[in-house]
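# Survey of secondary and tertiary structure
In case you want the letters, here they are:
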Amino acid sequence: MSILVCGGAGYVGSHCLEALKAAGYDCVVVDDLSRGHRAAVGESPLYVGNIADDALMDRVFREHHIEVVLHFAAASQVGESMKEPLLYYENNLCATVALLRSMRRHEVGRIVFSSSAAVYGEPDTVPIPEESPKAPTNTYGETKLAMERLMHWCHVAYGLEYVSLRYFNAAGASPSGIIGEDHTPETHLIPLVLQAAQGRREKVSIFGDDYPTPDGTCIRDYIHTSDLASAHLLAARRLLAGEGSGIFNLGSEHGLSVRQIIDAARKVTGRDFPVEVAPRRAGDPAVLIASNRKAREELGWVPAHSDAESILASAWAWHSSHPDGFGDR
């Protein structure tokens, strides 16, 4: 029995792949390497290509006895999604339709889906419970919500069992020191801040300091990749045990502002760096903090590594030992 990890060469996918292998599961990866890294996959079988390629996916399902699919293969940059909505609907929603068709052809009926807190938009309740209204403020969030609804209707029509995991802000690096965060271009706050601390970036930009928050900057719920990985492992086990579908937030229930992250980075690295205030980005909500009660109660999930110091220390260790990332760009 194998687990298929779609997008397993990417940031979160590779951390979950590492955890699955450590737990004794045989894993197979499909990734087109447009945003992921071959080195992040390790020794797992890697099929290079797109999940929308029916011939490729038929080959994967024929050559391996797949019991569960973990789906990370999607474009995930909010700003880019606002400029290129067609790209995001094609990469995210249309490719997921093709993946689910492939699964149905080969009678694979379980999937764990990498969703996002972006489905909520500007929340009316904080911390945000799963039943909060869904009103995405960007194209990325709209595609993730559409993918969730697609899985719901496939559950109704075909009996597909799915777990959708709504991440808040993924951050940090593996304690093994083997994998970490390396995007081109980089848009995530923590690696940008650490690159500035390394002297590889001239400054850090704060996109808006006039939000209705204590220090005027956006507040986010940061969740360590190790904690995300443990949740995916629990979700896969839930499906294999026949315990049914579900949707769960993955967050720490603790928010940190952009300025707090910058201050924590200065403390962890012992280095200072220039900071500037820039205009707001389209589609950025002021505050996103998760309620993780449902994941705790139904999955037995407890985030253990998602305090600011643990996240930044692990990320700093990886960036310090990999100044050029994976070195394959």
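No experiment lies behind these values; they were computed from the predicted model shown.

## Structural notes on the environment of proline 85
Tracing the chain through its elements places proline 85 in helix α4 (residues 85-105). Note on proline 85: relative accessible area 34%, which makes it partly exposed.

## A short note on the packing of aromatic side chains
Taken as a whole, this structure holds 2 aromatic pairs when the rule is applied. Aromatic pair tyrosine 120 and phenylalanine 168: ring centres 6.4 Å apart, planes at 35°, arrangement tilted. Of this pair, tyrosine 120 sits in the loop between β5 (110-116) and α5 (139-158) while phenylalanine 168 sits in the loop between β6 (161-167) and β7 (169-171), and the two are 48 residues apart along the sequence. Phenylalanine 168 sits in the buried class, given a relative accessible area of 7%. Centroid distance tryptophan 318 to phenylalanine 326: 5.3 Å. Interplanar angle 55°. Geometry classified as tilted.

## Notes on the pattern of salt bridges
Tallied over the full model, the rule gives 12 salt bridges. One salt bridge in this structure joins arginine 166 and glutamate 148, with 2.7 Å as the shortest N-O distance. Of this pair, arginine 166 sits in strand β6 while glutamate 148 sits in helix α5, and the two are 18 residues apart along the sequence. By relative accessible area, glutamate 148 is classed as buried at 3%. The network of salt bridges with common partners includes Asp54, Asp58 and Arg105.

## Topic: the packing of helix α8 (residues 258-269) against helix α10 (residues 308-321)
Each pair of packed helices can be described by the angle between their axes along with the distance between the axes. Remark: α8 packs on α10, axes separated minimally by 10 Å, with the N-to-C direction vectors making an angle of 60°. As summarised for this structure, α8 and α10 are arranged oblique, according to the angle between their axes. Relative to α10, the crossing made by α8 is right-handed. Across the interface between the two elements, Ile261, Ala264, Ala265, Val268 and Thr269 from α8 touch Ala308, Glu309, Leu312, Ala313 and Trp316 from α10. Across the contact of α8 with α10, the residue classes break down as 8 nonpolar, 1 polar and 1 charged.

## A word on the sheet that holds strand β1 (residues 2-6)
Spatially, the 7 strands line up as an open sheet ordered β3-β2-β1-β4-β5-β6-β10, and their pairing is parallel. The sheet is open, and its two edges are formed by β3 (46-48) and β10 (246-250), each paired on a single side. Within the sheet, the average angular offset between the axes of one strand and its neighbour, ignoring direction, is 20°. Examined bridge by bridge, strand β2 (residues 26-31) and β3 share 3 bridges and lie parallel to one another. Looking across to β3, one finds that valine 30 is bridged to tyrosine 47. Most of the contacts of α5 go to β5, to which it runs at about 155°, and overall it touches β4 (66-71), β5, β6 and β10.

## Things to note about α8
Compared with the 16 Å implied by 1.5 Å per residue over 12 residues, the 17 Å span of α8 between its first and last C-alpha is a close match. For α8, the complete set of buried residues consists of Val258, Ile261, Ile262, Ala264, Ala265 and Thr269. The arc enclosing the buried residues of α8, seen along the axis, measures out at 165°, which places them on a common side. Elements that come into contact with the buried residues of α8 comprise α6 (189-198), β8 (204-207), β9 (219-224), β11 (255-257), β12 (275-278) and α10.

## What to know about the pairing of β2
Burial analysis of β2 places 5 of its 6 residues in the buried class, the great majority of the element. As paired strands, β1 and β2 are joined by 5 bridges and run parallel to one another. Within the sheet, the bridge partner assigned to valine 5 lies in β2 and is valine 29. Handedness of the β-α-β unit built from β1, helix α1 (residues 11-22) and β2 comes out right-handed.

## Considering the environment of leucine 46
Considering the arrangement of structural elements, one finds leucine 46 in strand β3. Since its relative accessible area comes to 22%, leucine 46 is described here as partly exposed. Linking leucine 46 and alanine 9, residues 37 residues apart in sequence, is a C-alpha distance of 8.8 Å. The residues contacting leucine 46, other than those within four sequence positions of it, are Val29, Asp31, Arg38 and Val41.

## Here we look at the nonpolar core
Core analysis: the biggest nonpolar cluster contains 33 residues, and Ile3, Val5, Leu20, Leu70, Leu165 and Leu250 have the highest contact counts within it. When sequence neighbours within four positions are dropped, the list of residues in contact with leucine 20 reads Ile3, Val5, Tyr25, Cys27, Leu70 and Leu233. In this structure, Leu194, Ile219, Ala265 and Phe273 belong to the second largest nonpolar core, which totals 27 residues.

## A closer look at the side chain of serine 314
In this structure, serine 314 sits in helix α10. Its relative accessible area of 15% is what places serine 314 among the buried residues. Within the local environment of serine 314, its side chain forms a polar contact with the side chain of histidine 224, the two groups lying 2.9 Å apart. Only 2.9 Å separates the side chain of serine 314 from the backbone oxygen of isoleucine 311, close enough to count as a polar contact. In contact with serine 314, not counting residues within four places along its chain, are Gly172, Ala173 and His224.

Calculation rules
Residues numbered from 1 in each chain as written. Predicted model: local features only at pLDDT ≥ 70, side-chain atom pairs only at ≥ 80, totals over all residues. Heavy atoms only, no water. Helix = DSSP H or I, 4+ residues; strand = E, 2+ residues; numbered from the N terminus. Buried < 20%, exposed > 50% of the residue type's maximum accessible area, 1.4 Å probe, protein only. Phe/Tyr/Trp six-rings, centres within 6.5 Å; stacked < 30°, edge-to-face > 60°. Salt bridge = Lys/Arg side-chain N within 4 Å of Asp/Glu carboxyl O. Axes fitted to C-alpha atoms, helices over the stretch in contact; angles between N-to-C directions. Parallel < 35°, antiparallel > 145°, perpendicular 65-115°, else oblique. Left-handed = near helix turned anticlockwise from the far one by under 90°. Contact = heavy atoms within 4.5 Å. Nonpolar A, V, L, I, M, F, W, Y, C, P; charged D, E, K, R; others polar. Pairing = 2+ DSSP bridges. Expected span 1.5 Å × (residues − 1). Arc of directions from axis to C-beta. Right-handed = clockwise from strand over helix to strand, strands pointing away. Core = buried A, V, L, I, M, F, W, Y, C linked by side-chain atoms within 4.5 Å. Polar contact = N/O pair within 3.5 Å; in protein donor to acceptor, adjacent residues only side chain to side chain.

In short, the description is geometric, and any link to function would need to be established separately.
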